[in-house]
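Observations on the model geometry
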Amino acid sequence: MEEELKCPVCGSFYREPIILPCSHNICLACARNILVQTPDAESPQSSRASGSGVSDYDYLDLDKMSLYSEADSGYGSYGGFVSAPTTPCQKSPNGVRVFPPTVPQPQQQHLLPHPGSLTPIPRNSCITCPQCHRSLILDDRGLRGFPKNRVLEGVVDRYQQSKAAALKCQLCEKSPKEATVMCEQCDVFYCDPCRLRCHPPRGPLAKHRLVPPAQGRISRRASPRKISTCTEHELENLSMYCVQCKMPVCYQCLEEGKHGTHEVKALGAMWKLHKGQLSQALNGLSDRATEAKEFLVQLKNMVQHIQENGVEFEACLVAQCDALIDALNRRKAQLLSQVNKEHEHKLKVVRDQISHCTVKLRQTTGLMEYCLEVIKENDPSGFLQISDALIRRVHMTESQWGKGTLTPRMTSDFDLTLDSGPLLQTIHQLDFVQMKVPAAPMLQLEECCTQNNSATLSWKQPPLSTIAVDGYILELDDGNGGPFREVYVGTETICTVDGLHFNSTYKSRVKAFNASGVGQYSKTLIMQTSEIAWFTFDPASAHPDIIFSNDNLTVSCNSYDDRVVLGNTAFSRAFGIARSDVLKDVMLGKDDKAWAMYVDNNRSWFMHNNSHTNRTDGGITKGATIGVLLDFTRGILIFLVNDEQQGPVAFEGLEGAYYPAISLNRNVQVSRGTTGQHPPPALTNDNQHEEETSA
């Protein structure tokens, strides 16, 4: 966590750190060094006009001012550029851009203090955070208006002590010797000569307790915390926490009204609450760090695999070239060079990712260690001054390990195949075949399902596969252990197969193809269709005289008149046009004699010659009107649902004689629409049979 403990300006460990309104920290001495004076006389417009070399320097971002309002904190915003930002920036040892102090103007020389005295902060001084470049004008309190980060100071002290090889005497004038004792009352480490000279065991000093240096270090850490005082009322202790301003406040702050209308809570309670929140946030970040470590191991293994595969691929290539040595000598060097480039490219990508992930992991673990040390602090006000910022940083760092961060950017396989079959006269055109046959698709089990006598299957290519795919072939058996048959060929990665047998077990598989050939089959998926078309009676659509019982599986009626009740399951159907010799025992669109739209209560698609296209969400319900528009002028076919076009133009280039056609099962009733006073065509459900028929 050493990076967390170093000042962004000087690059050394923090000394007397203060907290800027943007939640970043800076040494008090460094803050004095980067102050910039902002004269009132210069307007933003004149500053922009007088600035030169705008593209060469970084300027104070004075349009993004303090996070605090003037009323709540006394820090005023400054809304424009000033003359000081034309000073070029410098870089600190850790690479952060900082601004040097301004050089006093000649007419101000008489205001300079005597050499050796502490330089006063000039009037209208402006300080810019070296990390986020937010700026603000200091008020009359100057740098005293910023709270000291005692928690950070304590963490730095403990860290430096833990890194020290041995504790040194604090009284040796030259080349301090190793300390042998520590006086708990004087709080000083002594070597033996300095103890005898400066701390003799007589008089009042005889009552002091001397302990070993290591024990003295522990007692220093366990010393009671200092009572925090308010930055605005230095005589008042911080006792409450303002929830709205997110800062500790004293009793006088509440009395004066600055926080009088704000919600305040007890300091100790908020201290425990924020410690819990930070600990909880660290749990998630710890998980990301663990995953990152495992990911680094994976990447390092990939380097070895890439090297092994590269060597193997080179050997195979050389063997093929030796078989055609007379004709391939001039091309062998070029092909090897291409393989080496691919090899180096893969290694570079993986190594770059290793480097990037290592840096991010180091930053993450550094932040974690720092946060854990902060949690150990027992200074509530000091902790609450930085807890919100740390919690945000932890959440932000965790979000940076988001989806895709721990995924390899490169595979270890070489997707190159040397084709050695061409004739010798075409050897000068010999090159790598840039494509292999596709890998076996992966069935997405969470999206595969059966409903009644329909089966929906979904698949995708393996995540790291880069081989192009032209289409897919879906196969099902006959539901009785028979041979597989193709039921779909196309580019879609989801397909619903209707018209299957009830109470049957179907095996399904899919494979991909491209110009190089057909790939391997996916794993076989076994799917079970429903025994029957299950449904219950629907009270919402039933006549009021219908009486329901047995969980809506049994109905009766208290009226002598006939009453209607519907089931709650809708069934699919197809509409379209067909030739006179269309098949009558399959769904419309299964052969090349029909052009149809399949539609149910959820979605629709167009069907012709056993291929479906243009899947569209939104289907039909009870009382829906289906329109089939055959435009012979343009030779197109369009489908409509409730007078709204369903999907794009379904089919084009239609010529000849066609018949209106519908396929449906016994669970559906369709009425033909007529003109005049009669109602439009409508759909009604009669869910009392499960068999499918066609019409």
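What comes next is a walk through the structure.

Here is what the cut-offs are and how they apply
Residues numbered from 1 in each chain as written. Predicted model: local features only at pLDDT ≥ 70, side-chain atom pairs only at ≥ 80, totals over all residues. Heavy atoms only, no water. Core = buried A, V, L, I, M, F, W, Y, C linked by side-chain atoms within 4.5 Å. Buried < 20%, exposed > 50% of the residue type's maximum accessible area, 1.4 Å probe, protein only. Helix = DSSP H or I, 4+ residues; strand = E, 2+ residues; numbered from the N terminus. Contact = heavy atoms within 4.5 Å. 1 Å grid on protein atoms, 1.4 Å probe; cavity = no way out; pocket = protein on both sides within 12 Å on 5 of 7 lines; lining within 4 Å. Points joined across faces, edges and corners; volume = space filled by probe spheres on them. Nonpolar A, V, L, I, M, F, W, Y, C, P; charged D, E, K, R; others polar. Phe/Tyr/Trp six-rings, centres within 6.5 Å; stacked < 30°, edge-to-face > 60°. Lys NZ or Arg CZ within 6 Å of the ring centre and 35° of its normal. Salt bridge = Lys/Arg side-chain N within 4 Å of Asp/Glu carboxyl O. Axes fitted to C-alpha atoms, helices over the stretch in contact; angles between N-to-C directions. Parallel < 35°, antiparallel > 145°, perpendicular 65-115°, else oblique. Left-handed = near helix turned anticlockwise from the far one by under 90°. Expected span 1.5 Å × (residues − 1). Bend = angle between axes of the 7 residues up to and from the residue. Pairing = 2+ DSSP bridges.

**Here's the deal with the nonpolar core**
Judged by nonpolar contacts, the single largest core of 71 residues is most densely connected at Ile26, Ile127, Leu278 and Tyr370. Looking at this core, the elements with two or more residues in it are β1 (17-19), β2 (25-27), α1 (28-33), α4 (150-163), α8 (267-323), α9 (325-376) and α10 (380-400). Among the elements that line this core, the one with the most residues is α8, at 18 residues. When near neighbours in sequence (up to four residues on either side) are disregarded, Leu278 contacts Cys371, Ile375, Phe383, Leu390, Ile391 and Val394. With 18 residues, the next largest nonpolar core counts Leu457, Tyr472, Tyr488 and Val497 among its residues.

**Observations regarding empty space enclosed by the protein**
All chains considered together, the criterion is met by 3 cavities of 30 Å³ or more. In this structure, the second largest cavity encloses a volume near 50 Å³. In terms of lining, the second largest cavity is formed by Glu492, Ile494, His612, Thr613, Asn614 and Arg615. Tallying contributions element by element places strand β30 (residues 611-617) first for the lining of the second largest cavity, with 4 residues. Across the lining of the second largest cavity, the residue classes tally to 1 nonpolar, 3 polar and 2 charged.

**Examining the layout of surface pockets**
Its volume calculated, the largest pocket comes out at about 980 Å³. Lining of the largest pocket is provided by 33 residues; of these, Glu4, His24, Gln131, Leu367 and Arg393 occupy positions nearest its centre. Listed by contribution, the elements that provide at least two residues to the lining of the largest pocket are α9 and α10. Here the lining of the largest pocket is built from residues that sort into 12 nonpolar, 12 polar and 9 charged.

**Structural notes on the environment of Met247**
Structurally, the position occupied by Met247 is in strand β12 (residues 247-250). Overall, Met247 belongs to the partly exposed group, its relative accessible area being 26%. When the C-alpha positions of Met247 and Ser381 are compared, they lie 8.2 Å apart, and in sequence the two are 134 residues distant. Those residues in contact with Met247, other than ones at most four positions away along the chain, are Met240, Tyr241, Cys242 and His259.

**Let's talk about unusual backbone geometry**
In the Ramachandran plot, Ser175 falls in the positive-phi region, its phi being about 40° despite a non-glycine side chain. Residue position: Ser175 is located in the loop between α4 and β8 (181-183). The phi dihedral of Asn610 falls on the positive side, at around 65°, and the residue is not glycine. Relative to the elements of secondary structure, Asn610 occurs in the loop between β29 (603-608) and β30. Overall, Asn610 belongs to the partly exposed group, its relative accessible area being 30%.

**Examining the side chain of Thr364**
Tracing the chain through its elements places Thr364 in helix α9. With residues near it in sequence (within four places) discarded, Thr364 still touches Leu285, Ala289, Thr397 and Trp401.

**Digging into the packing of aromatic side chains**
A complete count under the given rule lists 7 aromatic pairs for this structure. For the pair Phe313 and Phe414, a centre-to-centre distance of 5.8 Å together with 20° between the ring planes defines the contact as stacked. Of this pair, Phe313 sits in helix α8 while Phe414 sits in the loop between α10 and β14 (417-418), and the two are 101 residues apart along the sequence. You can call Phe313 buried: its relative accessible area is 15%. Here Phe606 and Phe651 contribute two aromatic rings whose centre-to-centre distance is 6.1 Å and whose plane-to-plane angle is 55°, an arrangement assigned as tilted. On the criterion of sequence distance, the pair formed by Phe606 in strand β29 and Phe651 in strand β34 (residues 651-652) is long-range, its members being 45 residues apart. One aromatic cluster is present, formed by Trp459, Tyr472 and Tyr488 through successive ring pairs. Seen from the ring of Phe13, Lys6 lies directly overhead, with NZ or CZ sitting 5.8 Å from the centre. Above the ring of Phe383, the side-chain terminus of Lys275 is found at 5.8 Å from the ring centroid.

**Describing the pattern of salt bridges**
Within the structure shown, the criterion is met by 16 salt bridges. The residue Arg393 makes a salt bridge to Glu4 at a minimum N-O spacing of 2.8 Å. Placement of Arg393 in helix α10 and of Glu4 in the segment before β1 is noted, with a sequence separation of 389 residues between them. You can call Glu4 buried: its relative accessible area is 16%. The closest approach of N and O atoms between Lys348 and Asp352, which form a salt bridge, is 2.9 Å.

**Here's the deal with the packing of α8 against α10**
Direction vectors running N to C along α8 and α10 enclose 25°, while the axes themselves pass 9 Å from each other. Here α10 runs roughly parallel to α8, going by the angle between their axes. Like other packed secondary-structure pairs, α8 and α10 cross with a definite hand, here left-handed. For the pair α8 and α10, the contacting residues are Leu267, Met270, Trp271, His274, Lys275, Gln277, Leu278, Ala281, Leu282, Gly284, Leu285 and Arg288 in the first and Pro380, Ser381, Phe383, Leu384, Ser387, Asp388, Leu390, Ile391, Val394, His395, Thr397 and Glu398 in the second. Grouping the amino acids of the contact of α8 with α10 by side-chain chemistry returns 13 nonpolar, 7 polar and 4 charged.

**Examining α10**
Its 21 residues place the ends of α10 29 Å apart at the C-alpha level, agreeing with the 30 Å of an ideal helix rising 1.5 Å per residue. Of all the bends in α10, the greatest, near 40°, is centred on Ser387.

**Quick word on the sheet that holds strand β10 (residues 210-211)**
Taking strand neighbours across the sheet as the criterion, the 3 strands line up as β9-β8-β10 in an open arrangement whose pairing is antiparallel. Each edge of the open sheet carries a strand with a single partner, namely β9 (188-190) and β10. Taken together, the 2 bridges between β8 and β10 define a ladder with antiparallel strand orientation. When the bridges of β10 are listed, Cys183 appears paired with Leu210.

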